[in-house]
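Fold and contact review
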Amino acid sequence: MVKNVLLVRGYGQLHEDRWQVYEAGYARGRGLHVAYPEDIPDFVDGVSPKVQAFREFILEVIGRDGLEPDRTVVLAHSLGGNGWLRILQEREDLRACLTIFLGTPRDNRTGLEKINDFFPTPDLELTEEERQKILVVGSNNDSVICEPPSVLGEHLSTVHLTIPGAGHFMPRVLHQNPTEMDLGAEWGMVRQLISRLHLPY
């Protein structure tokens, strides 16, 4: 039974209208404990984050909040997903978490050399049970990572889901693109498309 939700944000600007805020409210409204650390080291524009600092920070959150892997759902966005993959590479026990990657690339096609420490994406030797706990979600118009979800999904041999128009899963106030969804406010539409197997609350 799921008791906890860990929201791992991506690299860049914080904003109160991001989808993570909506998901945190939804989960708390159903009685789940939510960990949404916004102060991931150096996850701000113009700075070069390091995998080791990311790993130590997230593992500290998991320990502090008592997030039991078999009772925790992880939603990891963008570069936060690449960091979570590195954690899964080293901590096989955390593969018991249900994991949803949103807008997470296999390769760095962003043009940002500052995030290169998070690449290349590791080859995880996942069991069939571990693969079933992972869902890769992306869009057909992500102009940030320039990669469909099938690329990471096939790399991991896991299920992947394409949501048309979802862009890079950001609120409109940040992307200013009328052809992309407002995620944010339209997060509920995306949420409905994600299997109850991976979001069972």
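Here the structure is shown first, and the text comes after it.
Below you will find a few notes about this structure. No experiment lies behind these values; they were computed from the predicted model shown. (Residues numbered from 1 in each chain as written. Predicted model: local features only at pLDDT ≥ 70, side-chain atom pairs only at ≥ 80, totals over all residues. Heavy atoms only, no water.)

A separate point is the overall build of the chain. The helix and strand inventory of the chain stands at 7 helices and 6 strands. Order of helices (α) and strands (β) in the chain, N terminus to C terminus: β-α-β-α-β-α-β-α-β-α-β-α-α. Expressed as lengths along the three principal axes of its C-alpha atoms, the size of the chain is roughly 40 × 35 × 30 Å. In the chain, which comprises 201 residues, the proportion classed as buried is 52%. Contacts in the chain between residues far apart in sequence, at least 24 positions, make up 74% of those at least 6 positions apart. For the chain, the exposed area adds up to about 9000 Å²; of that, 48% sits on carbon and sulfur atoms. (Helix = DSSP H or I, 4+ residues; strand = E, 2+ residues; numbered from the N terminus. Buried < 20%, exposed > 50% of the residue type's maximum accessible area, 1.4 Å probe, protein only. Contact = heavy atoms within 4.5 Å. Areas by Shrake-Rupley, 256 points an atom, 1.4 Å probe, with all protein chains shown as cover.)

Residues of helix α5 (residues 149-156) that are buried: P149, V151, L152, G153 and L156. Buried positions along α5 lie against α3 (79-90), β4 (98-102), α4 (128-132), β5 (134-139) and β6 (159-163). Directly after α5, the chain includes S157, whose backbone phi takes a positive value near 60°.

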